[in-house]
Amino acid sequence: MIVVSGASGQVGGRVSKLLTKPHVRLVRDRAKMPEAERSADYADKSGMVRALRDAETLFLVSGREDPHRLQVHKTAVDAAVEAGIGRIVYLSFAGAAEDCTFTFGRDHWHTEQYIRATGLRYTFLRDNLYLEMIPRLAGADGVIRGPAGDGRVAAVSYDDIAASVVAVLEDPQSHEHRTYTLTGPEAFTLHEAAAVLGKTYVPETVEEAYASRAHYGAPDFEVAGWVTSYQAIANGELAEVTGDVEALTGRRPRSVSELKGA
């Protein structure tokens, strides 16, 4: 039995639809998906233990962006151990490292280390930025603004991520203790993406980026995440292109050119 977490989300929902092995869908908020078989918040250890009982594998989608997200992840992992889960397939992030530029990527690195320390079998799938997110970077005026400079990003689509996850879940023994980096087929600049999408990219300085986002009134940690995602692009930390999606799925991943008109 496999538990697919985040089943009401973009990746988890796709994984559930593609997966042929017996599985149950786990959601945080049942109101978003009443038909889900199980519900629990990652931060609720006892609820997670109940939700994970009788399962062998947990597909763990990262929790909501939060200053305490790492602790929430640790609680979910602890619950998996207590429930008798034997394997975690974790959706991580490309370039995850203790000191990576993208602040949210650091949570992923620490979560990977915590999972390793449990002694459970694991597979880490580190996805690049979501391809479908690129058009949403543009404001109402059709302009993408951010401190990405001329850096490149190998963004990957929801469909390609989900298909890669399913390939691992369908034959988990072949992927034990492996880490895959999921990317699109090429790394592109935001100038190039904007041209494909019929939009404009205007580079900002880091200071300008923080100032231009101040009107949202978002918490400091969230704004830092937004800005440092562009900085990671500028620093070349998201430019690596791998063949892992094609190796896992047998197909070429979707490219930015396929977003035209989005």
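Look above for the structure.
Residues numbered from 1 in each chain as written. Predicted model: local features only at pLDDT ≥ 70, side-chain atom pairs only at ≥ 80, totals over all residues. Heavy atoms only, no water.

### As for the nonpolar core
Quick reminder of the rule: Think of a nonpolar core as a cluster: buried Ala, Val, Leu, Ile, Met, Phe, Trp, Tyr and Cys residues, connected wherever their side-chain atoms sit within 4.5 Å. For every residue, the accessible area (1.4 Å probe, protein chains only) is compared with the maximum for its type, and the residue is labelled buried under 20%, exposed over 50%, or partly exposed between those bounds. Note on conventions: DSSP H or I runs of at least 4 residues are helices, E runs of at least 2 residues are strands, and numbering of each starts at the N terminus.
One finds V15, L52, F59, I88 and L125 to be the most contacted residues of the largest nonpolar core, which totals 46 residues. The element contributing the most residues to this core is helix α5 (residues 158-170), with seven residues. Among the nonpolar cores identified, the runner-up in size contains 24 residues, and A94, L129, A232 and V256 belong to it.

### Brief notes about the packing of aromatic side chains
Heads up, the rule is: Note on aromatic contacts: the rings of Phe and Tyr and the six-membered ring of Trp form a pair at centre separations within 6.5 Å, being stacked when their planes are under 30 degrees apart, edge-to-face when over 60 apart, and tilted otherwise.
On inspection of all chains with the given rule, the structure shows seven aromatic pairs. An angle of 55 degrees between the planes, with centres 4.8 Å apart, marks the rings of Y130 and Y158 as tilted. Of this pair, Y130 sits in the loop between β6 (121-127) and β7 (143-146) while Y158 is found in helix α5, placing the two residues 28 residues apart along the sequence. Take Y130: its relative accessible area is 28%, and that puts it in the partly exposed class. Overall, Y158 belongs to the buried group, its relative accessible area being 6%.

### A closer look at the pattern of salt bridges
Where charged atoms from two side chains of opposite charge approach closely, those side chains can pair. The following threshold applies: By definition, a salt bridge exists where a carboxyl oxygen of Asp or Glu is found within 4 Å of a side-chain nitrogen of Lys or Arg.
According to the stated counting rule, one finds 13 salt bridges in the structure shown. Between D159 and R14 there is a salt bridge whose closest N-O contact spans 2.7 Å. With D159 in helix α5 and R14 in helix α1 (residues 10-18), this residue pair connects regions lying 145 residues apart in the sequence. Residue D159 is classed as partly exposed on the basis of its relative accessible area of 38%. Here the salt bridges share partners, and the residues they tie into one network are E56, R87, R121 and E176.

### Here's the deal with the pairing of strand β5 (residues 87-93)
The criterion, for reference: Strands are treated as partners if at least two bridges between them are detected by DSSP. Here a crossover is taken to be right-handed if, once the strands point away from the viewer, the path from the first strand over the helix to the second is traced clockwise.
Taking burial as the measure, the seven residues of β5 include seven buried ones, the bulk of the element. Judged by which residues are buried, β5 turns out to be covered on both faces: R87, V89, L91 and F93 on one side and I88, Y90 and S92 on the other are all buried. As defined by bridge partners, strand β4 (residues 57-60) adjoins β5 across four bridges and the pair is classed as parallel. When the bridges of β5 are listed, F59 appears paired with V89. As for the winding sense of the linkage, the β-α-β connection from β4 through helix α3 (residues 69-83) to β5 is right-handed. Relative to β6, β5 runs parallel, the two sharing seven bridges.

### Details of empty space enclosed by the protein
For the record, the criterion: Cavity means a closed set of points on a 1 Å grid over the protein atoms alone, one where a 1.4 Å probe fits but cannot get out, pocket means an open set with protein on both sides within 12 Å along at least 5 of 7 lines, and lining means a residue has an atom within 4 Å of a point. Grid points are joined across faces, edges and corners, and a volume is the space filled by probe spheres set on the points. Just so you know the grouping, Ala, Val, Leu, Ile, Met, Phe, Trp, Tyr, Cys and Pro go in nonpolar, Asp, Glu, Lys and Arg go in charged, and all remaining residues, Gly too, go in polar.
Under the counting rule described, the total for this entry stands at one cavity of 30 Å³ or more. Estimates place the volume of the largest cavity at around 40 Å³. Forming the walls of the largest cavity are F93, A94, G95, A96, C100, F102, A232, E237 and L238. In terms of residue class, the lining of the largest cavity is made up of seven nonpolar, one polar and one charged.

### Some words on the sheet that holds β4
As a reminder, the rule being used: Contact definition: two residues touch when any of their heavy atoms are within 4.5 Å. Fitted lines through C-alpha atoms serve as axes, helices being fitted only where they are in contact, and the angles separating the N-to-C directions of these axes extend from 0 to 180 degrees.
The strand order β3-β2-β1-β4-β5-β6-β8 describes an open sheet built from seven strands, whose pairing is parallel. The open sheet has two edge strands with one neighbour each: β3 (38-39) and β8 (178-182). Taken together, the two bridges between strand β2 (residues 23-27) and β3 define a ladder with parallel strand orientation. Looking at β3, one finds that L26 is bridged to R38. Sheet strands touched by α5: β1 (2-5), β4, β5, β6 and β8. Its angle to β6, the strand with the most contacts, is close to 165 degrees.

### A short note on unusual backbone geometry
Only a minority of non-glycine residues have a phi that is not negative, and only a minority of peptide bonds are not trans. Look at D54: it is not a glycine, yet its phi comes out positive at around 70 degrees. Within the secondary structure, D54 is located in the loop between α2 (45-52) and β4. Residue classification places D54 among the exposed residues on the basis of a relative accessible area of 73%. Although it is not a glycine, H177 adopts a positive phi angle of roughly 60 degrees. When you line up the elements, H177 lands in the loop between α5 and β8.

### Some thoughts on the side chain of S5
Convention followed: As used in this structure description, the phrase polar contact means that two N or O atoms lie within 3.5 Å; if the pair is within protein, one of them must be able to donate a hydrogen and the other to accept it, and residues adjacent in sequence are counted only when both atoms belong to side chains.
Mapped onto the elements of the fold, S5 is located in strand β1. A distance of 2.7 Å separates a polar atom in the side chain of S5 from the backbone oxygen of F59. Setting aside residues up to four positions removed in sequence, S5 forms contacts with G12, L26, Y42, L58, F59, L60 and V61.

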